[in-house]
Structures are given as structure tokens and as C-alpha cells.
Amino acid sequence: MTPAAQDAAHSAVQRRSAPGDARRHELAAFLRSRRERLGPEQVGLPMTGRRRTPGLRREEVAQLAAVGVTWYTWLEQARDIQVSAQVLDAVARALLLDPSERAHLFTLAGTDDPAPVKECPSVTPSVRLLLERLAPYPAVVLNSRYQVLAYNAQYTAVVGDLDRMAPEDRNLMWMAFTPSQFREVLIDYRTERLGMVARFRSAMADHSSEPAWKALLARLLKASPDFAEVWQRHDVMRPGNGIKRFQVPDVGLLRCEYTNFWLSPQLGTRMITYTPLDDETRALMDRLPTGA
């Protein structure tokens, strides 16, 4: 191989490894910063003589996490080593990481958290009151798994009586790929659900180890060949706003603009409102049944 070819090959290797190198160095710096902010008394260790540097020593973190001192030192030196989720969990506990810091640790390590922090409940009484006050506009609260968490009467008038559904069926992904009123009234359901699957796959990247996500995916793959075909495309998409059309029996054609309002710091639970695109739809929404 000529010197020029060797240089090109070396540059290619560097380009391929750069993202991993950058993330390892960021992980190392993050661990050092969390270690240096802690004092021995905060983690139940005795004070032993003067300390030249602030915070815990590396061997103390290794002791608290029950891992080897050499291994932990390599981790803080950004060495290219394998890191298991169980060891990261022990390190997170030893460093007293809060939920945001713990999530950041596992993201930098590129590893699924075996005990992910559950989101705080987002459907508060004030959210439920807002859903009611949005009438006559349909509105629903979903999590990132498309599970329906709350809704107003106008929404059920469009997609069907959700109260009569089994809890596991009260999911828009499930309703889009199996027989349902939601699929019947959504005019462009064949194209709309392509985007739904892409957003579902994108969100699942942060939840792939969670049983509820794995159970829903397995259920969809088993129930719907159409879903299985779309899933194999590996398309991803971030959530966004847009337009939907519903042909609601005894009401008419609703042309709606849907808007996401996020109820948590991350792109998780959200409230979606459906507002009229034209005067005809505005008039028809006044005719939506409100139920008993």
C-alpha cells in the first residue's frame, strides 16, 4: 500500500471512530465532574486525612459500586472498554445521580437503562379540566407509545367509544392497524400510519428495554402483516403538527389541524388538539355528540 493510500485508510478509520471517541471522552468528563462534587460524608465514608483534590477518590467510587479500581480508572480515562448496564447502574447509585443525570449517563454509554426512571404522571386534574374546556374541539392525551391516557367526549365521537375498549387496545397504533372506528373514519389512514410507525420506532429507541414497549411491538407484528412490512423499513420521524381528515358518520367530513402540546420535559406525554381548518368543519364540530 502506498503512503497516500495508508494515509487515506488511517483517515477513514479516524472518521469512523470519532463519534465513539467523542462520546467516551464526554462520558469520562461527566463521571469526573460527578465524582468531584461528592464528599466522603455524603456517601457514608469516613474522612481519611487531607485530600489534594475535591470530591471522592476513584478507588472510593469503585468500592461503592463494587467494581475494579483499574476498570473504573479506565472508564474515566475514556478507554475503549465494554460497559454493562448493571455496572453503569451501580456507578449511578454510587455517585448519587439524579434522574436526569442517570439518563445522561446511559445515553453517553449507549446502553439501555435496566431500571429507567418512570415519567411523572402527566394527566393532572388541570389537564382533564382543559380537555373538557376545549369542547367542541376533539382533544386527547397520549404517551410516546401512542397509548391513550385521557380524552374529551368530542374525541370519542370521532374515534369511537374508548371506555368500552380493553385497556391494552386503547392505543392508536393498535387501532390504526386493526379493525376500529379510528381506522374507518381516518380518510388517509394508509399514509398516516406510515408516519405513526416512524415516530413509534424513533421513540422506542429510548424505551427498547421496557416490557410495555416490547409487548406492544410483538402484538402488532403478530396481528398485522401491514405493520410488519412497514416496521421493516426502519423509517424514523420526530413528532410534529399536521393535518388530518376524518369522515365521521352522521356528522360529515372534518378537516382538522392537529397540534401537539408537550406535558413533560422530554418528547413523551402530549396533548393533541384538533382544530377546524375551515368554516364548514367549525360548524360540523358543533354537531359532534358529547355522550351521556
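Provided above is the structure to which this section pertains.
How each quantity is defined
- Residues numbered from 1 in each chain as written.
- Predicted model: local features only at pLDDT ≥ 70, side-chain atom pairs only at ≥ 80, totals over all residues.
- Heavy atoms only, no water.
- Helix = DSSP H or I, 4+ residues; strand = E, 2+ residues; numbered from the N terminus.
- Buried < 20%, exposed > 50% of the residue type's maximum accessible area, 1.4 Å probe, protein only.
- Contact = heavy atoms within 4.5 Å.
- Polar contact = N/O pair within 3.5 Å; in protein donor to acceptor, adjacent residues only side chain to side chain.
- Salt bridge = Lys/Arg side-chain N within 4 Å of Asp/Glu carboxyl O.
- Expected span 1.5 Å × (residues − 1).
- Arc of directions from axis to C-beta.
- Core = buried A, V, L, I, M, F, W, Y, C linked by side-chain atoms within 4.5 Å.
- Phe/Tyr/Trp six-rings, centres within 6.5 Å; stacked < 30°, edge-to-face > 60°.
- Lys NZ or Arg CZ within 6 Å of the ring centre and 35° of its normal.

Quick look at the environment of asparagine 152
Okay, step 1: Topologically, asparagine 152 is positioned in the loop between β2 (148-151) and α7 (153-159).
Okay, step 2: Given the relative accessible area of 5%, asparagine 152 is considered buried.
Okay, step 3: Spatially, the C-alpha atom of asparagine 152 lies 8.7 Å from that of tyrosine 137, the residues being 15 residues apart in sequence.
Okay, step 4: Leave out the neighbours within four places in its chain, and asparagine 152 touches Leu131, Leu134, Ala135, Tyr137, Pro138 and Ala139.
Okay, step 5: Within the structure, the side chain of asparagine 152 is placed 3.0 Å from the backbone nitrogen of tyrosine 155, a separation counted as a polar contact.

Thoughts on the pattern of salt bridges
Okay, step 1: Within this structure, the stated rule accounts for 17 salt bridges.
Okay, step 2: A salt bridge links aspartate 80 to arginine 24, with the nearest nitrogen and oxygen atoms 3.6 Å apart. Here aspartate 80 is found in the loop between α3 (69-76) and α4 (85-94), whereas its partner arginine 24 is found in helix α1 (residues 3-36), with 56 residues between them in sequence.
Okay, step 3: A residue is classified by how much of its surface remains accessible, and aspartate 80, at 63% relative accessible area, is exposed.
Okay, step 4: Notably, a salt bridge pairs arginine 34 with glutamate 101, separated by 2.7 Å at the nearest N-O pair. Pair noted here: arginine 34 is in helix α1 and glutamate 101 is in helix α5 (residues 99-109), with a separation of 67 residues, a long-range link.
Okay, step 5: What makes glutamate 101 buried here is its relative accessible area of 11%.
Okay, step 6: Taken together, the salt bridges that share partners define one network made up of Asp89, Arg93, Arg102 and Asp113.

Thoughts on the environment of alanine 139
Okay, step 1: One can find alanine 139 in strand β1 (residues 139-142).
Okay, step 2: A residue is classified by how much of its surface remains accessible, and alanine 139, at 0% relative accessible area, is buried.
Okay, step 3: Along the chain, alanine 139 and threonine 259 lie 120 residues apart, while their C-alpha atoms are 9.6 Å from each other.

Concerning helix α11 (residues 211-223)
Okay, step 1: For α11, built from 13 residues, the straight-helix expectation of 18 Å at 1.5 Å per residue is met to within 8% by its first-to-last C-alpha distance of 18 Å.
Okay, step 2: Within α11, the full set of buried residues consists of Trp213, Leu216, Leu217 and Leu220. Relative to the axis of α11, the buried residues are bounded by an arc of 100° and lie together on one face. Set apart from the buried face of α11 by more than 90 degrees, the exposed residues are Pro211 and Lys222.
Okay, step 3: Looking at the buried residues of α11, the elements they touch are α8 (172-177), α10 (189-204) and α12 (225-231).

Quick word on the side chain of glutamate 192
Okay, step 1: By secondary structure assignment, the location of glutamate 192 is in helix α10.
Okay, step 2: Apart from the residues lying within four places of it in its own chain, the contact partners of glutamate 192 are Leu186, Arg199, Ile243 and Lys244.

Re the side chain of aspartate 113
Okay, step 1: In this structure, aspartate 113 sits in the loop between α5 and α6 (125-133).
Okay, step 2: By relative accessible area, which is 12% here, aspartate 113 ends up buried.
Okay, step 3: A polar atom in the side chain of aspartate 113 sits 2.7 Å from the side chain of arginine 102.
Okay, step 4: Discounting chain neighbours no more than four positions away, the residues touching aspartate 113 are Arg102, Phe106 and Ser209.

Some thoughts on the nonpolar core
Most often, soluble globular proteins have nonpolar side chains that are buried together.
Okay, step 1: Counting residues in each nonpolar core, the largest one holds 43 residues, and the members touching the most others are Leu172, Met173, Phe200, Phe227, Phe246 and Leu254.
Okay, step 2: Each residue touching phenylalanine 200, except ones within four places of it in the same chain, is listed here: Arg145, Tyr146, Met173, Trp213, Leu216, Leu217, Phe227 and Trp231.

What to know about the packing of aromatic side chains
Okay, step 1: Under the counting rule described, the total for this entry stands at seven aromatic pairs.
Okay, step 2: A centroid spacing of 5.6 Å and a plane angle of 20° characterise the contact between phenylalanine 227 and tryptophan 231, whose relative ring orientation is stacked. With phenylalanine 227 and tryptophan 231 both in helix α12, this residue pair falls four residues apart, about one helical turn. With respect to class, phenylalanine 227 is no different from tryptophan 231; both count as buried.
Okay, step 3: Here a set of aromatic residues connected by ring pairs shows up, and it is made of Phe177, Phe200, Trp213, Phe227 and Trp231.
Okay, step 4: Lying across the ring of tryptophan 174, arginine 219 places its NZ or CZ 3.7 Å from the centre.
Okay, step 5: Taking the ring centre of tyrosine 258 as reference, the NZ or CZ of lysine 244 above it sits at 3.8 Å.

Side note on unusual backbone geometry
Okay, step 1: A cis amide bond, omega 15°, links alanine 135 with the succeeding residue proline 136.
Okay, step 2: Its place among the elements puts proline 136 in the loop between α6 and β1.
Okay, step 3: For aspartate 250, which is not glycine, the phi torsion reads 65° and is therefore positive.
Okay, step 4: Mapped onto the secondary structure, aspartate 250 falls in the loop between β3 (242-248) and β4 (252-262).
Okay, step 5: Residue classification places aspartate 250 among the exposed residues on the basis of a relative accessible area of 78%.

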